[in-house]
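Observations on the three-dimensional arrangement
The residues making up each chain are set out below.
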Amino acid sequence: MHYHHLYAAEDGESHWRRVEVPLTERSFAPPAKAIFVSDPEPAVATVFLRLDPGWNEPIHPTPKRQTLFCLGGAVRVTASDGEARVIAKGDIWRMEDTHGKGHHTETIGSEPFEAALVQFD
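No experiment lies behind these values; they were computed from the predicted model shown. (Residues numbered from 1 in each chain as written. Predicted model: local features only at pLDDT ≥ 70, side-chain atom pairs only at ≥ 80, totals over all residues. Heavy atoms only, no water.)

Within this structure, the stated rule accounts for 1 aromatic pair. Both rings, one in Trp-16 and one in Trp-93, keep their centres 6.0 Å apart while their planes meet at 45°; by these two values the pair is tilted. Here Trp-16 is found in strand S2 (residues 14–20), whereas its partner Trp-93 is found in strand S9 (residues 92–96), with 77 residues between them in sequence. Per residue, the accessibility class of Trp-16 equals that of Trp-93, and both read buried. Seen from the ring of Tyr-7, Arg-17 lies directly overhead, with NZ or CZ sitting 4.1 Å from the centre. One Lys or Arg, Arg-94, reaches over the ring of Tyr-3 and ends 5.1 Å from the middle of that ring. (Phe/Tyr/Trp six-rings, centres within 6.5 Å; stacked < 30°, edge-to-face > 60°. Helix = DSSP H or I, 4+ residues; strand = E, 2+ residues; numbered from the N terminus. Buried < 20%, exposed > 50% of the residue type's maximum accessible area, 1.4 Å probe, protein only. Lys NZ or Arg CZ within 6 Å of the ring centre and 35° of its normal.)

Set out below in structure tokens:
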């Protein structure tokens, strides 16, 4: 399991990297059998969003650390260093470019982009 990680370097430039999520086999919901699960991470809010086809925003940093789970549609997200990634159904995107130049997002295709976000402090 992995997610797309967008972060800002000290110079304010945003970059992408792929992060593998470590999973450990352990009891998660006793008395059910052990399953492979990640370590928990405290969250403060959950948000659902939809971006209509043709939506295109100016470059900006993310307002807070958050993880997006794409439920449908697709967006192209371009880091300030120029690297672009397509985030589509089933993809997970960790946004941590809370300062600096930020990123540009635009919907692609004819379907709305729908997602759930988990926000952190």
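Now that the structure has been shown, we can carry on.
It is worth spelling out the environment of Gly-72 at this point. By the secondary structure assignment, Gly-72 is in strand S6 (residues 66–72). Its relative accessible area of 10% is what places Gly-72 among the buried residues. Each C-alpha atom of the pair Gly-72 and Ala-115 lies 7.0 Å from the other, and the pair is 43 residues apart in sequence. When neighbours within four sequence positions are excluded, Gly-72 is seen to be in contact with Lys-89, Pro-112, Phe-113 and Glu-114. (Contact = heavy atoms within 4.5 Å.)

This part covers unusual backbone geometry. In this structure, the amide linkage connecting Pro-30 to the following residue, Pro-31, adopts the cis form with an omega of 15°. Within the secondary structure, Pro-31 sits in the loop between strand S3 (24–26) and strand S4 (35–37).

Here the focus is the side chain of Arg-94. In this fold, Arg-94 is placed in strand S9. Among the polar contacts made by the side chain of Arg-94, one reaches the side chain of Glu-41 at a distance of 2.9 Å. A polar atom in the side chain of Arg-94 sits 2.5 Å from the side chain of Thr-67. If near-sequence neighbours (up to four positions away) are discounted, Arg-94 is found in contact with Tyr-3, His-4, His-5, Leu-6, Glu-41, Arg-65, Gln-66, Thr-67 and Phe-120. (Polar contact = N/O pair within 3.5 Å; in protein donor to acceptor, adjacent residues only side chain to side chain.)

What follows is about the pairing of strand S1 (residues 2–8). For S1, the tally of buried residues reaches 5 of 7 residues, placing the bulk of the element in the interior. Pairing of S1 with S2, which is carried by 7 bridges, proceeds in the antiparallel orientation. Among the inter-strand pairings, Tyr-7 is bridged to a residue of S2, identified as His-15. Taken together, S1 and the strand that follows it, S2, pair antiparallel across an intervening segment of 5 residues, in which Gly-12 is found at a positive phi of about 90°. Relative to S9, S1 is paired through 4 bridges, and the arrangement is parallel. Among the inter-strand pairings, Tyr-7 is bridged to a residue of S9, identified as Glu-96. (Pairing = 2+ DSSP bridges.)

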